[in-house]
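A look at the structure
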Amino acid sequence: MIRALRAPASIALIALVAAACARPGTVSTTATPTDFYGANPSLADVRSLLGDNNWWPGPPSFGVRPLDSSSMPFNEKFHVLTRFAHIGTAETLEIEYTLWNSTSSATTQMTNAQSAFGTSATGPRVGDQVLYYGSMTSGAAPYVTETFVRMGATTTTIVLGLKDALPTVAKLGKIASKVTAGLKDVLAGKVHVSPLPSSETSLLPPPGPDLTLLGSAKLPVEVFVVMTATAGSAQVVLSSAG
């Protein structure tokens, strides 16, 4: 369920949040893709959960209409993918929040995951439904886990790739709880991301037939390190003028 990360055109502003105009469903939330992006755990949370301050954020990717209409299922309203990288290693953490048009559609995605991966490991209860899987792959971070959480009409997919060993299911449950904590508030309408001021939105390209802008996401400057993949072999100095 994790999709390939697409490189943004700008570091400071990601102007990829378009109209989420899926077919009518039973979802009543007014949350937007940027609200879902804001539901991500903080960098401090990620570093605490994974036990190292060398975890850094990467740029997000938004699956929205009309830009991604050809690749999105008709019952998907939108998805937001965020990546964190463990600098100096091949370890990664990927979080994808997806809003479906109904609870039934989200439940079907969980059933599909079970069909693909088999019986889930028994672990902590998170959300309305949770599935835990782990596998051994090739590469420099071969211990890969996938955790699927359903909350109402949303699914959250958490993919963690580590270099030394598979984490315990209890650890995966702790990560899943933190990753979905912010999503609960978003779905309850308690949290909304503030729009950018007009002085900043004026810097974005104008709306047109290929891009219908409803918002943007301001990213921390640290994502430059992950985007350029230079920190593993070179020192990068980030500074601001003025």
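Residues numbered from 1 in each chain as written. Predicted model: local features only at pLDDT ≥ 70, side-chain atom pairs only at ≥ 80, totals over all residues. Heavy atoms only, no water.

Scanning the protein from N- to C-terminus turns up 6 helices and 9 strands. Burial status across the protein gives 42% buried among its 242 residues. Once local pairs closer than 6 in sequence are excluded, the contacts in the protein between residues at least 24 apart make up 63%. Looking at the protein as shown, the accessible area adds up to about 11,800 Å², and 55% of this sits on carbon and sulfur atoms. (Helix = DSSP H or I, 4+ residues; strand = E, 2+ residues; numbered from the N terminus. Buried < 20%, exposed > 50% of the residue type's maximum accessible area, 1.4 Å probe, protein only. Contact = heavy atoms within 4.5 Å. Areas by Shrake-Rupley, 256 points an atom, 1.4 Å probe, with all protein chains shown as cover.)

Confidence in the prediction of the protein, expressed as mean pLDDT, is 79, and 69% of residues score 70 or more. Note that residues 1–26 has pLDDT below 50 and, in this model, 89 contacts with residues that lie over four places away or in other chains. Long-range and interchain partners of residues 238–242, a stretch whose pLDDT sits below 50, account for 5 contacts in this model, where long-range means more than four residues apart. (pLDDT = per-residue confidence, 0-100.)

With that out of the way, let us pick up the pattern of salt bridges. Per the counting criterion, the structure on display carries 3 salt bridges. As a salt-bridge pair, E94 and R83 come within 2.4 Å of each other at their nearest N and O atoms. Residue E94 is found in strand β5 (residues 92–100), and its partner R83 is found in strand β4 (residues 76–86); the two are separated by 11 residues along the sequence. For R150, the salt bridge is made with D128, and the minimal N-O distance between the two is 3.9 Å. In this pair, R150 is assigned in strand β7 (residues 143–151) and D128 in the loop between α3 (103–117) and β6 (129–136), connecting sequence segments 22 residues apart. The class of R150 is buried, set by a relative accessible area of 11%. (Salt bridge = Lys/Arg side-chain N within 4 Å of Asp/Glu carboxyl O.)

It is worth spelling out the pairing of strand β8 (residues 154–162) at this point. The element β8 is extensively covered by neighbouring structure, given that 9 of its 9 residues are classed as buried. Judged by which residues are buried, β8 turns out to be covered on both faces: T154, T156, I158, L160 and L162 on one side and T155, T157, V159 and G161 on the other are all buried. Judged from the 8 bridges that link them, β5 and β8 form a sheet pairing that is antiparallel. Looking at β8, one finds that T98 is bridged to T155. With 9 bridges connecting them, β7 and β8 associate as antiparallel partners. Considered in β8, the bridge of E146 is made with V159. Here β7 folds back onto β8 in antiparallel fashion, the turn holding 2 residues, of which G152 has a positive phi close to 60°. (Pairing = 2+ DSSP bridges.)

Attention now goes to the packing of helix α2 (residues 43–50) against helix α4 (residues 169–187). When two helices pack together, their arrangement is given by the angle between their axes and by how far apart the axes lie. At a minimum axis separation of 11 Å, α2 and α4 run at an interaxial angle of 175°. Between α2 and α4, the interaxial angle falls into the category roughly antiparallel. Across the interface between the two elements, D45, L49 and L50 of α2 pack against K171, K174, I175 and K178 of α4. Its residues assigned to classes, the contact of α2 with α4 comprises 3 nonpolar, no polar and 4 charged. (Axes fitted to C-alpha atoms, helices over the stretch in contact; angles between N-to-C directions. Parallel < 35°, antiparallel > 145°, perpendicular 65-115°, else oblique. Nonpolar A, V, L, I, M, F, W, Y, C, P; charged D, E, K, R; others polar.)

Further remarks concern the pairing of β6. As paired strands, β6 and β7 are joined by 8 bridges and run antiparallel to one another. Note that in β7 the partner of Y132 across the bridge is T147. Two successive antiparallel strands, β6 and β7, enclose a turn made up of 6 residues, where G139 displays a positive phi of approximately 105°.

The subject of this paragraph is the nonpolar core. If you look at soluble globular proteins, the nonpolar side chains tend to sit buried side by side. With 31 residues, the main nonpolar core has F36, W55, L93 and Y97 as its most contacted residues. If you list the elements that add at least two residues to this core, you get α1 (33–38), α2, β4, β5, β6, β7, β8 and α4. Each residue touching L93, except ones within four places of it in the same chain, is listed here: V46, L50, W55, T82, R83, F84, I158, V159 and L160. The next biggest cluster of nonpolar side chains, apart from the first, holds 5 residues, and it includes M110, A113, Y133 and F148. (Core = buried A, V, L, I, M, F, W, Y, C linked by side-chain atoms within 4.5 Å.)

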